[in-house]
Amino acid sequence: MVHYLQQANYVSALKVNQTLIMNLGVCLDPRPRESEYLPSPNLPEPFVEPVEQEPKNSEEESMETSAMSSKDCVKVAVRVRPFNKRERDAGSRCIISMTSNNISIQDPRNQPNSRTFTFDYAYWSHSGFTRNKDGLFVPEETGGRYADQANVFQGLGQGILDNALQGYNATLLAYGQTGSGKSYSMVGYGPNKGLIPTLCERLFQFFRSTQDSRQCQVFFSMLEIYNEQVIDLLSKANRSSGGLRVREDQQRGFYVEGLRRVPCDNAVQVEQLMEQGTRTRTTVATHMNANSSCSHMLIIVQLKQIFSKECITKQSNINLLDLAGSERQRSSGSEADRLKEGTAINLSLTTLGNVISALADMALGKKVVHIPYRDSILTKLLQSALGGNSRTVMIATLSPAEICYEESVALYTPICREGKENPESSCGE
Ligand code: ADP
Ligand code: MG
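These figures come from a predicted structure and were not determined experimentally. (Residues numbered from 1 in each chain as written. Chains lettered and ligands numbered in written order. Predicted model: local features only at pLDDT ≥ 70, side-chain atom pairs only at ≥ 80, totals over all residues. Heavy atoms only, no water.)

Draft legend 1. Quick look at the nonpolar core. Membership of the largest hydrophobic core comes to 44 residues, with the highest contact counts inside it found for Ile96, Ile103, Leu223, Val256, Leu323 and Leu381. Ranked by the residues each element gives to this core, the list is headed by helix α8 (residues 335–363), at 6 residues. In this structure Ile96 touches Val80, Ile103, Ser104, Ile105, Trp124, Leu398, Ser399 and Pro400, once residues within four positions along its chain are discounted. Within the second largest apolar cluster, 41 residues are counted, among which are Phe220, Met297, Ile299 and Val393. (Core = buried A, V, L, I, M, F, W, Y, C linked by side-chain atoms within 4.5 Å. Buried < 20%, exposed > 50% of the residue type's maximum accessible area, 1.4 Å probe, protein only. Helix = DSSP H or I, 4+ residues; strand = E, 2+ residues; numbered from the N terminus. Contact = heavy atoms within 4.5 Å.)

This is the structure:
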């Protein structure tokens, strides 16, 4: 239980943090990045000469406008998936309802009772959909409430891309129970492409449409953090025990030594790399007698835009993270393995929560002596993304079935504690 609550604090802290990070002024900090992977956080950097505005084509304009008008740096979204076959066969009942950005979760053992939670965005992907001739899940009727992959990208992915194009780091992460739809949202299945491939497609489209004004380079890396070890999913080398080393450099901050970065110039290439990485992830998991839901998967898309005329280089990283399942992890290994694995997964997730809480406190003006970035590999690698000039979006994925009640409430309860809960349990404003 403590484990769940600690993880849930992460959600709550993110929520608190969204206004606070903005108050810190770290949201729109136009500093070009020059480091190789994960740039060092908050380092003073040279003044960048203002660039004279060029006439923009409409696509360029829409991307940049949406980034500039973004209000918050950390946003939390929730997405409710359809029943899976097992849940349908078991005649499961949907215990979640959604109105605007609020979700209400009904207690299956105490029917009138429900809890309400408010998010920055809420996506209803549970019902009201059909599969079209291309295999895409789309709303049954035009204007229906079903949120398809395109909807979710428009709400969450586009802003991340816009920010990265302006030279800010951006992070998109999925959090939830195993089977709740994290990979579906981030990566997608078959024709239902998730946030990552769509983001890459749009990125290359944008670069093609603006190639007269800038030279662009994209590098792609994919890694896994399992038991506090970093495994390069795009390389066969360095899969020795212990994984790759995470090192710290004064300029660059934390980075993964020897991590493969593949130059890419189209979205198909990125998709092939993702497939390769996903296959490796499965192989590694099988080899380690584990399940890939026990590990965190991180994709880093590094952008470099060179504006020769203006002598400006903009560099940013997009971190795309599919976190380990939020439930208590079980392993088929020995008791010792299980304990080690549980501790390590817990360590990364709870440290992430602690880091974000500390940042939130700091932004509230509280005295924070220490931000525990160094306590886990995940937070080391995300240091610049969370504490630096980054925009972060978390998508919390949810199963609507009654059997998931405990997990869902445990995950969101701390948000209620922050005043989002209606004391009469009558489900929020
Ligand atoms: P996780 O990565 O959280 O373990 P998955 O993303 O693999 O879970 O989702 C579990 C199953 O649910 C998959 O078969 C996936 O296709 C399906 N699914 C998840 N979210 C959705 C959604 N929004 N619409 C349709 N199917 C979904
Ligand atoms: Mg998954």
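Draft legend 2. The packing of helix α6 (residues 195–209) against helix α7 (residues 267–287), seen in detail. Where α6 contacts α7, the two axes come as close as 9 Å, and the packing angle between them is 155 degrees. Looking at the two axes, α6 sits roughly antiparallel to α7. Every pair of crossing elements has a handedness; the one defined by α6 and α7 is right-handed. For the pair formed by α6 and α7, the contact residues are Ile196, Pro197, Cys200, Glu201 and Phe204 on the first element and Ala267, Val270, Glu271 and Met274 on the second. (Axes fitted to C-alpha atoms, helices over the stretch in contact; angles between N-to-C directions. Parallel < 35°, antiparallel > 145°, perpendicular 65-115°, else oblique. Left-handed = near helix turned anticlockwise from the far one by under 90°.)

Draft legend 3. Inspection of the packing of helix α4 (residues 149–165) against α6 at higher detail. Their axes nearest at 10 Å, the elements α4 and α6 cross at an angle of 50 degrees. With respect to α6, the element α4 is oriented oblique. Along this stretch, α4 crosses α6, giving a crossing that reads as right-handed. Contacts between α4 and α6 involve Val152, Phe153, Gln154, Leu156, Gly157, Gln158, Ile160, Leu161 and Leu165 on the former and, on the latter, Leu195, Thr198, Leu199, Arg202, Leu203, Phe206 and Phe207.

Draft legend 4. The layout of surface pockets, seen in detail. In this structure, the largest pocket occupies an estimated 1,000 Å³ of space. If you go around the largest pocket, you meet 42 residues; those closest to its centre are Ser183, Tyr184, Val187, Gly188 and Tyr189. At the level of secondary structure, the elements contributing two or more residues to the lining of the largest pocket comprise β1 (74–80), α3 (85–89), α5 (182–186), β9 (188–189), β10 (192–193) and α7. Broken down by element, the residue count for the lining of the largest pocket peaks at 6 residues, all from α7. For the lining of the largest pocket, the residue count by class is 14 nonpolar, 18 polar and 10 charged. (1 Å grid on protein atoms, 1.4 Å probe; cavity = no way out; pocket = protein on both sides within 12 Å on 5 of 7 lines; lining within 4 Å. Points joined across faces, edges and corners; volume = space filled by probe spheres on them. Nonpolar A, V, L, I, M, F, W, Y, C, P; charged D, E, K, R; others polar.)

Draft legend 5. The arrangement of the sheet that holds strand β4 (residues 114–118) in detail. Strand order in the open sheet made by the 3 strands is β2-β3-β4, with antiparallel pairing throughout. Taken across any chain shown, the strands that pair with only one partner, and hence form the sheet edges, are β2 (96–99) and β4. Across the sheet, the mean angle from the axis of one strand to that of its neighbour is 20 degrees, orientation sign disregarded. Relative to strand β3 (residues 102–106), β2 is paired through 4 bridges, and the arrangement is antiparallel. Bridging from a neighbouring strand, Thr99 pairs with Asn102 of β3. (Pairing = 2+ DSSP bridges.)

Draft legend 6. Structural detail: the site of ligand 1. With respect to spatial proximity, 14 residues lie near ligand 1, and among them Gly179, Lys182, Ser183, Tyr184 and Tyr189 are the closest. Within the backbone of Tyr184, an N or O atom sits 2.7 Å from an oxygen atom of ligand 1. The fraction of the free accessible surface of ligand 1 (560 Å²) that becomes covered by protein chains is 76%. The cavity that encloses ligand 1 is the largest pocket. For the shell around ligand 1, the element with the highest residue contribution is α5, accounting for 3 residues. Of the residues in the shell around ligand 1, the class split is 4 nonpolar, 7 polar and 3 charged. (Near = heavy atom within 4 Å. Polar contact = N/O pair within 3.5 Å; in protein donor to acceptor, adjacent residues only side chain to side chain. Areas by Shrake-Rupley, 256 points an atom, 1.4 Å probe, with all protein chains shown as cover. Sits in = over half its atoms within 2 Å of the grid points.)

Draft legend 7. Expanded view of the pattern of salt bridges. By the definition in use, this model includes 8 salt bridges. Arg81 is paired through a salt bridge with Glu87; the nearest N and O atoms lie 2.9 Å apart. Glu87 shares its class with Arg81; the two are buried. We note a salt bridge from Glu248 to Arg374, for which the minimum N-O separation is 2.8 Å. Separated by 126 residues along the polypeptide, Glu248 in strand β13 (residues 246–249) and Arg374 in the loop between α8 and α9 (377–381) bring together distant segments of the chain. Several salt bridges converge on common partners, so that one network encompasses Lys193, Glu201 and Glu271. (Salt bridge = Lys/Arg side-chain N within 4 Å of Asp/Glu carboxyl O.)

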